[in-house]
Amino acid sequence: MSSKLDVRAFAVPSMPQSVRPARAGGVGQTGGMELAPGWSALLDEYAAHLDADRGLSPHTVRAYRTDLTELAAHADVEPGRITLARLRNWLSAMADAGAAPATIQRRVACVRGFFAWASAEGHLPADPAARLAAPKRRQRLPRVPGLADVETGIAALQARVDEAEGADAAVARRDLALVEVLYSSGLRVSEACALRLTDVDRERRSLTVLGKGGKQRTVPLGVPALRALDAWLRARPDFAKAGSPDTVFLGERGGALDPRVARRVVHAATGAAGHAAETGPHGLRHAMATHLIEGGADLRSVQEMLGHSSVATTQIYTHVTSERLREAYRQAHPRA
């Protein structure tokens, strides 16, 4: 573990006192919350572990720390006095406050990971979260744009490329390449924005992607996507400046493309097919996976392309295609 890590990078943002009142006489303090003794140092060390040993992003580490800080503030006792009953009380309070089952599940996973680490490292005598269970999460099928909707959005972007001039033409080429790559390869928006010039392999028509947890994978790149990407890369020097990164996609000021800008691009493009078809980058990822499975691709291959650690995560797309088959049956069969 690196001893040079600046844990301030993972500090929890300050919260108003009305959200979480301070303890009288507390000594540990995180993000404006006064915590019971022992928490601050333990959270610092856990943040360092998540960064150095598990390779999680700063955003993910901050999210974990926020969840654990809220647990510490709610329990109002030292880490060694946390019990299974206190953890269940915390979950119950979240549910009473209206937290979604998905949120509670995420926090349970965070807490289980933290206490398993703390007990394994000898910071705690036992793991109080070993038997902590989360409420079952009702599976919601993702809203997936159809193939015609995706093609309409791409056609609208191509029309922009054909009509634009000067700097607007370069932006249009970038936006078209971004949407083509997202749909062709099923990338997460963060992966697309972090894609580097050396990650593009034209001979094999593939991309090398650094995904969640620092896991690297290679994904195929379709011919239309490669064509749009090449057109953008010819215009990319118009954006690049002396200090520009070597990322494939650049913003108009020469920095790496901001994921928020990428989301706006995708929403505008898919919105061309109508309000019902409008979606973001993750919707294109859903569409890519669903259309692959509808076309006969096997689940394991789709899992590898998406970078899912478990095939169970990928199986949701089989439910999407089954639902579409049922709907087609209901509409078309005379005795449905």
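Our subject is the structure listed above.
S.K.: I'd like to hear about the environment of Gly 307, residue by residue, with values.
M.R.: Considering the arrangement of structural elements, one finds Gly 307 in the loop between α11 (299–306) and α12 (311–314). C-alpha separation for the pair Gly 307 and Lys 212, spaced 95 residues apart in sequence, amounts to 8.0 Å. Setting aside residues up to four positions removed in sequence, Gly 307 forms contacts with Arg 188 and Arg 217.

S.K.: How would you explain the sheet that holds strand β3 (residues 200–201) if you had to name every residue and give the values?
M.R.: Taken in spatial order, the three strands make up an open sheet running β3-β4-β5, and their pairing is antiparallel. With one partner strand each, in any of the chains shown, β3 and β5 (216–220) form the two edges of the open sheet. Looking at chain direction, strand β4 (residues 206–210) and β5 are connected through five bridges and run antiparallel. Residue Val 209 lies in a different strand from β5, and its bridge partner there is Arg 217.

S.K.: Tell me about the packing of aromatic side chains, residues and numbers included.
M.R.: Taken as a whole and judged by the stated rule, the model has six aromatic pairs. When the centroid spacing of 6.0 Å and the interplanar angle of 20 degrees are considered together, the rings of Trp 39 and Phe 114 count as stacked. Here Trp 39 is found in helix α1 (residues 39–52), whereas its partner Phe 114 is found in helix α4 (residues 101–120), with 75 residues between them in sequence. For the residue pair Trp 39 and Phe 114, the accessibility class agrees, reading buried in each case.

S.K.: Could you give an account of the nonpolar core, with specific residues and numbers?
M.R.: Among the nonpolar cores identified, the biggest contains 49 residues, and Leu 207, Leu 229, Trp 232 and Phe 249 are the most heavily contacted of them. Mapped by element, the contributors of at least two residues to this core are α5 (147–163), α6 (166–185), α7 (189–194), β4, α8 (223–235), α9 (259–270), α10 (281–294) and α11. With 10 residues, α6 is the single largest residue contributor to this core. Sequence-distant contacts of Leu 229, defined by excluding residues within four places in its chain, comprise Ala 177, Val 181, Val 200, Leu 221, Val 248 and Phe 249. By size, the runner-up hydrophobic cluster in this structure holds 33 residues, among which are Ala 36, Ala 73, Trp 90 and Leu 124.

S.K.: Describe the pairing of β4, and please don't skip the residues or the numbers.
M.R.: The pairing of β3 with β4 spans two bridges and is antiparallel. Each residue of the ladder has a partner; that of Asp 201, found in β4, is Ser 206. Taking the residues between adjacent antiparallel strands as the criterion, β3 and β4 are bridged by four residues, where Arg 205 takes a positive phi near 50 degrees. Two successive antiparallel strands, β4 and β5, enclose a turn made up of five residues, where Gly 213 displays a positive phi of approximately 70 degrees.

What counts, and at which threshold
Residues numbered from 1 in each chain as written. Predicted model: local features only at pLDDT ≥ 70, side-chain atom pairs only at ≥ 80, totals over all residues. Heavy atoms only, no water. Helix = DSSP H or I, 4+ residues; strand = E, 2+ residues; numbered from the N terminus. Contact = heavy atoms within 4.5 Å. Pairing = 2+ DSSP bridges. Phe/Tyr/Trp six-rings, centres within 6.5 Å; stacked < 30°, edge-to-face > 60°. Buried < 20%, exposed > 50% of the residue type's maximum accessible area, 1.4 Å probe, protein only. Core = buried A, V, L, I, M, F, W, Y, C linked by side-chain atoms within 4.5 Å.

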